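Spelled out, the chains give:
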Amino acid sequence: MSLIEHRLPGAKSLERLRSQPLVWHLLLGVLAAAVLYLLTSSVSFYDNTIIAEIAWYAIAIAGLSVLTGGSGQISLGHGAFMAVGAYGAGLMMEHFRLPLVVPILVGIAAAALLGTVVGLPATRLRGPYLAGVTLALALAVQDLPTKFSSLFNGDSGIIVNQATPPGGVNPQRWLAWISLLAAILTMVVLANFMKSRFGRALKAVRDDDIAAQAAGLNPNRMRVLAFAVSAAAAGLAGGLEALWGGIVSPNSFSLFLSIQLLAGMVIGGAGTLIGAWWGALALVYVPQWTNSITSHLSSASTVTANLQNAVFGVLIIVIMMAAPSGIQGWLRAGYRRLRRRPSSLASALSPPLDLSSTSTPPERTSP
Amino acid sequence: MKDSIRSRGRPLAAAAVLSAAALASALLVIPSSGASLRPARTPGVTAHRIVLGTTTPLTGPAAPGYDEIAPAANAVFSYINAHGGVHGRKITYLIKNDQYDPTLTVQYTQQLVENDHIFADVGGLGTPTQTSVQSFLNKHHVPQVFVESGCACWSQPKKFPYTFGWQPNYIVEGKILGAYIKSHFGRKRIGYLYQDDEFGQDGVKGLNREIPHRRVVGEQNYQGTVQGLGAGLGSQVSALQSAGAQVVALYTIPAATALALLAAAQLNYHPIWVVSSVGADPPTLAGLLGAFSKGKAGASLLNGMITNAYLPPETAGTNPWNRLAKAILKRYDKGFHWDGNSEYGFALGVTTVEALEQAGRNLTVKSFLNALETHAKALSNPGLVPLIYSRSDHYGFSGSEVVKITHDGRAISVLTPREITTLRGPITVYRGKPDSIPAQFRK
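Quantities reported herein were computed from a predicted structural model and do not represent experimental measurements.

Participant: Please explain the packing of aromatic side chains as it appears in this structure.
Facilitator: Any two aromatic rings considered together are summarised by their centre-to-centre distance and by the angle between their planes. All names here are of chain A. Using the criterion set out here, one finds 19 aromatic pairs over all chains in the structure. Between F81 and F227, the ring centres sit 6.4 Å apart and the planes meet at 65°, which makes this aromatic pair edge-to-face. Of this pair, F81 sits in helix α4 (residues 78-95) while F227 sits in helix α11 (residues 219-245); the two residues are 146 residues apart in sequence, bridging distant segments of the chain. Taking the relative accessible area as the measure of exposure, F227 reaches 0% and is therefore buried. A cation sits over an aromatic face here: R197 above F198, 5.2 Å from the ring centre.

Participant: Where do I start with a nonpolar patch on the surface in this structure?
Facilitator: Taken together, the side chains of L22, V23 and L26 of chain A present a nonpolar region at the surface, about 260 Å² in accessible area. Considering the arrangement of structural elements, one finds L26 of chain A in helix α2 (residues 21-42).

Participant: Where do I start with the pairing of strand β4 (residues 144-147) of chain B in this structure?
Facilitator: On any regular strand, side chains alternate: one points to one face of the sheet, the next to the other face. All names here are of chain B. Both strand β3 (residues 120-122) and β4 contribute to a ladder of two bridges, which runs parallel. Note on β4: the bridge partner recorded for V122 is V145. Remark: the β3/helix α6 (residues 127-139)/β4 crossover connection has right-handed handedness. Bridge count for β4 against strand β5 (residues 163-165) is two bridges, and the pairing is parallel. Residue V147 lies in a different strand from β5, and its bridge partner there is G165.

Participant: Sorry if this is basic, but what is going on with the pattern of salt bridges here?
Facilitator: Between side chains of opposite charge, a pair can form as their charged atoms come close. All chains considered together, the criterion is met by six salt bridges over all chains. In this structure, D207 of chain A engages R206 of chain A in a salt bridge whose closest nitrogen and oxygen atoms are separated by 2.9 Å. The residue K205 of chain B makes a salt bridge to D202 of chain B at a minimum N-O spacing of 3.3 Å. Separated by three residues within a single helix, K205 of chain B and D202 of chain B lie in helix α8 (residues 198-210), roughly one turn from each other. The class for K205 of chain B is partly exposed, based on a relative accessible area of 42%.

Participant: Explain the sheet that holds β5 of chain B to me, please; I cannot follow it from the model alone.
Facilitator: All names here are of chain B. Here we have five strands laid out as an open sheet, ordered β2-β1-β3-β4-β5, and parallel in their pairing. Pairing within the sheet leaves two strands with one partner each, and these edge strands are β2 (90-97) and β5. Here the strands of the sheet are splayed against their neighbours by 20° on average, with no regard to which way each runs. Contacting β1 (49-56) and β2, helix α4 (residues 69-82) crosses the sheet at an angle of about 165° to β2.

Rules used in this analysis
- Residues numbered from 1 in each chain as written.
- Chains lettered and ligands numbered in written order.
- Predicted model: local features only at pLDDT ≥ 70, side-chain atom pairs only at ≥ 80, totals over all residues.
- Heavy atoms only, no water.
- Phe/Tyr/Trp six-rings, centres within 6.5 Å; stacked < 30°, edge-to-face > 60°.
- Helix = DSSP H or I, 4+ residues; strand = E, 2+ residues; numbered from the N terminus.
- Buried < 20%, exposed > 50% of the residue type's maximum accessible area, 1.4 Å probe, protein only.
- Lys NZ or Arg CZ within 6 Å of the ring centre and 35° of its normal.
- Patch = residues over 30% accessible without salt bridge, like charges linked within 9 Å, V, L, I, M, F, W, Y side chains within 5 Å.
- Areas by Shrake-Rupley, 256 points an atom, 1.4 Å probe, with all protein chains shown as cover.
- Salt bridge = Lys/Arg side-chain N within 4 Å of Asp/Glu carboxyl O.
- Pairing = 2+ DSSP bridges.
- Right-handed = clockwise from strand over helix to strand, strands pointing away.
- Axes fitted to C-alpha atoms, helices over the stretch in contact; angles between N-to-C directions.
- Contact = heavy atoms within 4.5 Å.

The structure is reproduced here in structure tokens:
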């Protein structure tokens, strides 16, 4: 603490602010909202659609990231939680005229409930075995809409009443605002969760089960809790997707989606919330780029059609080799390296506030 | 201690700034393929160019077979472009791979409309996928034409004036096959096997309108997913066998048709198969039968199968449309397979060119829709029955003929073309002649 003393006066109050996670996170959330509001107002309507999509992908990946980075569990079935959230919210929107927040909350609750149920075997299963269970979940949930087609309208899906935006706001911009607001709130909640008693307990359980038990924690309860929180985030993402697409159909929630979410998390950096945004950007833009290339070619061959998958594969391999902790981990490491070199550009760039921490050992990178 | 204070909240601070920066930079670098095209009075139309777009599965579980359609349609456009275009305008066809996932359909369709400024969305594939963009396209006054699905939902001209179907809808198809079954196998016991979704259910609806209920001894269905088909259709087929069905009507996709035929062959069960055109393309089936049985079975199982057709059978080598299709595809769609899918894409491409031709030199959305609604009969295409667009109906082909597959894989007509001009109307004989090949394809 003594190191803080020789800092600038302004820095001191900033430090004090940071010591209050909730206040600090909310402040940053408001800041992010302001920046993103300006962004959504200055880009085209189509770009607003894309921003909304990035936002709900980021929510789902952040949820997965909390599960994997926080409690060390792997889920290959997060697409299923999204599907439950989407169908929960979608059915409510189809049958009732309620304020938007109600169907979304129903979707979240449904996904969290399923997350709790799936989390129970997680107390006994580890690694690949848990991955197997979640994989089975992804496959099973995908089949339910066609199995109970009177309720879910099978393959054709349910049409969602897209709420009309107030005051003549463009619908695409309106959806972007809703998704971004939800994403910012999710990030604030998850950031607080990870800094809370539960978050610390989760990490303790992840790192050493027995030590955590000795410290009076119940590892099993922690694992189930992580699953529920993570599934709730995925459920929110699903509800937003239903609203965004105007339709909920099983084709949107294939096993491929679950794999994509996992890939997004790995690309962005497991266990970090910013990494979720990098992952979401990759998930949305890689297909865009490959498609804009292939749609101009005169004939679609198997090679051009599969370009997207190839680019994803290469991206994952490159990231795993060059930066095993994802884009975010790589950026953090780079930032740290820059700060350690005193004579370089970095000293000019790095604020005086950070000079004290040059001797800080590197942060623990999440698995 | 110091460390914990420092790291607190950092992720979010950086998240806000970085994500905003990333979004902004990503949006800037995305190449907008329509950037060169100034949105004129009619989007996608300049003096020398018409931009059309579509979404279709080129990869993923729905892709095999369907991935041939859009490239075949594009081959027709390439041919027309090489021969002067339509009223001097060359067609650009932007094909987006939506993998049969509505999430991607929404995204790509908006991109086509708002960034690429397409004139029309032509030949989008699938019921859930195209449903997800039906409101959007209509709200933006972008024609959503020749949707590749037999859903009756494409014909709602009051609610969706910009949407037009293309292939006969599943109910109409079911009625024609049902009427054939009733008149030819009226005394036999009949069984159904159908995909448990809108396609199969609508088909059964059509069958039931013609076939007396007491004749139906068994109804079986399956889930049209990878898992639903993974276990084969042995139990369903065996149930139909024990029910004593002598005629089995299939509303199945090609993979399911092949599985049903193989299961029956194993059970030594040989009913008369009546299969919807959706799942009855002989070259596709022969390939699947060979693959599923590891070469033990093949096209011989298709002998005697009855199906309906609204395009000339692709085995009709002397049909002038087929000859034209093969010549164009050979030149402009490298590595194409001649089967029901490429023929479908070719016919859809021809219909598009004809509609643009009919819309006249001064091409607008209005003139285009007007051409469809009032000049439908003038749209020359390979179809065996006419397209019946009008101000009150946006369905597409009015019916089909019924054919039988011979031992050597040819399709011979067993019932001349029948049509149903309104959804609830009676089945009538179509006496018109097939369209002749229009001038712009005879260059």
